[in-house]
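For reference, the chains in residue letters:
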Amino acid sequence: MIYLVLALFGGLSGVTTVLFGFGGGFVVVPVLYGVLTATHGAQDAIGQSAMHIAVATSTCVMIVNSVAATRKHQRAGNILRAYVWPLAGYIAAGALLGALAATRASGDLVRHAFIAYLGVTILDCLLRQGFMAQREAEAPRPLGQAVAVGGGVAIGAIATFLGVGGSVMTVPLLRRRGLPMAKAAAMAIPLTLPVALVGTLAYMAAARGLPAALAPWIVGYVDLLAFAALALGSLAGIRLAAPLIPRIPDRLHARVYVLLLAIVMLSMLIL
């Protein structure tokens with residue numbers, strides 16, 4: 001029953017990935033954290049490591065989501081290499097820093113940072129001009145070197161620390177460069193891949209300091225059974241949602257993006 005629930009939420013993560021560039025972390029982290037804390041006691045090793053397991057497994061699922069959703073957006077013509085390549089290398093460097101920091105932080109600190117960052121991002125999208133609506137005549141602007149370096153390292157570090165793939169920073173950044181939501185969300189997806197790869201490897205290696213494996217099906221902090229259920233569900237969700245990519249009006253796309261962030265933040269506060 002638990003894995004069926006995870007598969008269903010995996011499907012939702014696939015939908016949010018392909019339509020909003022979320023990479024799955026905003027869905028997977030709260031759900032898996034809730035499942036682990038509900039099924040394991042506070043004195044249990046898995047229960048004590050629930051947030052680290054949720055974040056680590058989320059980064060692993062994001063590898064699958066990123067590859068599958070990028071292919072869908074390539075076919076739709078939404079991937080612009082001029083915006084992807086300048087950021088990718090710097091995001092990978094930042095991801096390494098974020099992973100090292102996260103494995104040394106407490107689960108409560110990661111959870112509170114996750115909630116705080118969501119709150120700041122929601123306020124930024126609502127209060128600062130350029131995200132919720134754009135002037136129709138506005139032409140996309142290229143990324144400057146300073147934006148690519150500073151933005152890329154920050155995105156990689158924060159995304160890997162929180163296990164969220166970077167879309168929460170990448171989409172607003174590209175949106176404010178004048179890109180429509182469909183393309184901003186699309187390009188957040190391939191930029192999730194370096195975060196996911198570095199984060200997964202770091203979380204697998206980090207558990208070498210534990211006195212024993214948390215469970216036979218957990219490698220490092222990555223829960224392989226949960227990963228399988230979530231990944232299968234996400235692939236189905238990506239396939240089902242892909243036809244909707246060109247059909248969502250830009251203003252509605254931006255509003256739903258912010259609404260989803262608010263729902264995830266509320267769920268983490270409740271948990």
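It should be emphasised that the depicted structure is a prediction, and the values quoted were computed from it without experimental measurement. (Residues numbered from 1 in each chain as written. Predicted model: local features only at pLDDT ≥ 70, side-chain atom pairs only at ≥ 80, totals over all residues. Heavy atoms only, no water.)

### A closer look at helix α10 (residues 192-206)
Going by this rule: Per the convention used, a helix needs a DSSP run of H or I reaching at least four residues, while a strand needs a run of E reaching at least two, with both numbered from the N terminus. Every helix has an expected span of 1.5 Å times one less than the residues it contains. Buried means the residue's accessible area, taken with a 1.4 Å probe over protein chains only, is under 20% of the maximum for its type, while exposed means over 50%, and partly exposed covers the values in between. In what follows, residue pairs with any heavy atoms lying within 4.5 Å of each other are defined as contacts.
Along its 15 residues, α10 runs 21 Å from first to last C-alpha, staying within 8% of the 21 Å computed at 1.5 Å per residue. Every buried residue of α10 is accounted for by T192, P194, V195, A196, G199, T200, A202 and Y203. Structurally, α10 contributes buried residues whose contacts are with α4 (50-76), α5 (81-104), α7 (145-162), α9 (181-188) and β2 (222-223).

### Brief notes about the packing of aromatic side chains
The condition that has to hold: Side-chain rings of Phe, Tyr and Trp, where Trp is taken by its six-membered ring, are said to pair if the distance between their centres is within 6.5 Å; with planes under 30 degrees apart they count as stacked, over 60 as edge-to-face, and otherwise as tilted.
This model, assessed by the stated rule, comprises 1 aromatic pair. Between Y203 and Y221 the ring centres are 6.5 Å apart and the planes differ by 85°, which places this aromatic pair in the edge-to-face class. Here the residue Y203 occupies a position in helix α10, and Y221 occupies one in the loop between β1 (218-219) and β2, the gap between them amounting to 18 residues.

### Brief notes about the packing of α4 against helix α11 (residues 224-241)
Using the following cut-off: Angles run from 0 to 180 degrees between N-to-C directions of axes, and those axes are lines fitted to C-alpha atoms, restricted for helices to the stretch in contact. Should an angle fall under 35 degrees it is taken as roughly parallel, and over 145 as roughly antiparallel, whereas 65 to 115 is taken as roughly perpendicular and any remaining angle as oblique. Working rule for handedness: look at the near helix, and if it is turned counterclockwise from the far one by less than a right angle, call the crossing left-handed; if clockwise, right-handed.
Across the interface, α4 lies against α11 with an axial gap of 9 Å and an inter-helix angle of 20°. In terms of orientation, α4 and α11 fall into the roughly parallel class. For α4 against α11, the interelement crossing comes out right-handed. Between α4 and α11, the contacting residues are T57, C60, V61, V64, N65, A68, A69 and K72 on the first element and A226, F227, L230, A231, S234, L235, I238 and R239 on the second.

### Focus on a nonpolar patch on the surface
So the rule is basically this: Each patch is built from salt-bridge-free residues with over 30% relative accessible area, joining like charges within 9 Å and nonpolar side chains (Val, Leu, Ile, Met, Phe, Trp, Tyr) within 5 Å. Areas reported as accessible are Shrake-Rupley estimates using a 1.4 Å probe. Residue values count occlusion only from the protein chains shown. A carboxyl oxygen of Asp or Glu within 4 Å of a side-chain nitrogen of Lys or Arg is what we treat as a salt bridge.
A cluster of nonpolar residues, M1, L4, L8, F9 and L12, forms a patch on the protein surface that exposes about 560 Å² of accessible area. You can see L8 is positioned in helix α1 (residues 2-20). Note on L8: relative accessible area 59%, which makes it exposed.

### Observations regarding the pattern of salt bridges
Close approach of charged atoms allows side chains of opposite charge to pair. Under the definition given, this model contains 2 salt bridges. Measuring nitrogen to oxygen at the nearest pair gives 3.0 Å for the salt bridge that ties R176 to D124. Of this pair, R176 sits in the loop between α8 (167-175) and α9 while D124 sits in helix α6 (residues 107-127), placing them 52 residues apart in sequence. By relative accessible area, R176 is classed as buried at 14%. Note that D250 and R175 form a salt bridge whose closest N and O atoms lie 2.8 Å from each other. Of this pair, D250 sits in helix α12 (residues 250-270) while R175 is found in helix α8, placing the two residues 75 residues apart along the sequence.

### Remarks on the side chain of N78
Within the secondary structure layout, N78 lies in the loop between α4 and α5. Residue classification places N78 among the buried residues on the basis of a relative accessible area of 7%. N78 has contacts with H73, A182, K183, A186, M187 and I245, leaving out every residue within four places of it along the chain.

### Notes on the packing of α8 against α12
The packing of two helices is summarised by the inter-axis angle and the distance between the axes. Here is the rule: Classification used: nonpolar for Ala, Val, Leu, Ile, Met, Phe, Trp, Tyr, Cys and Pro, charged for Asp, Glu, Lys and Arg, polar for all others including Gly.
At a minimum axis distance of 12 Å, the contact between α8 and α12 shows a crossing angle of 150°. The orientation of α8 relative to α12 falls into the category roughly antiparallel. For the pair α8 and α12, the sense of crossing is left-handed. Note on element contacts: α12 touches α8 through D250, A254, Y257 and L261, opposite S167, V168, V171, P172 and R175. For the contact of α8 with α12, a count of residues per class yields 6 nonpolar, 1 polar and 2 charged.

### Section: helix α2 (residues 25-39)
Helix length check: α2 (15 residues) gives 21 Å between terminal C-alpha atoms against 21 Å at 1.5 Å per residue, within 8%. Within α2, 12 of the 15 residues are buried, which leaves the element mostly enclosed by the surrounding structure. The set of residues buried in α2 consists of G25, F26, V27, V28, V29, P30, V31, L32, Y33, G34, V35 and L36.

### Quick word on the environment of Y3
Mapped onto the elements of the fold, Y3 is located in helix α1. Judged by relative accessible area, which is 38%, Y3 ranks as partly exposed. Note: C-alpha distance between Y3 and V35 (32 residues apart in sequence) is 9.9 Å. Excluding anything up to four places from it in sequence, Y3 contacts L225, A226 and A229.

### Observations regarding the environment of P86
Tracing the backbone shows P86 in helix α5. Each C-alpha atom of the pair P86 and Q145 lies 8.1 Å from the other, and the pair is 59 residues apart in sequence. Excluding residues that lie within four positions of it along the chain, P86 makes contacts with R81 and A148.

### Quick notes on the environment of F161
Along the polypeptide, F161 turns up in helix α7. For F161, a relative accessible area of 15% puts it in the buried group. Residues F161 and A102 lie 59 residues apart in sequence; the distance between their C-alpha atoms is 4.8 Å. F161 has contacts with V55, G98, A101, A102, A105, V110, A113 and Y203, leaving out every residue within four places of it along the chain.

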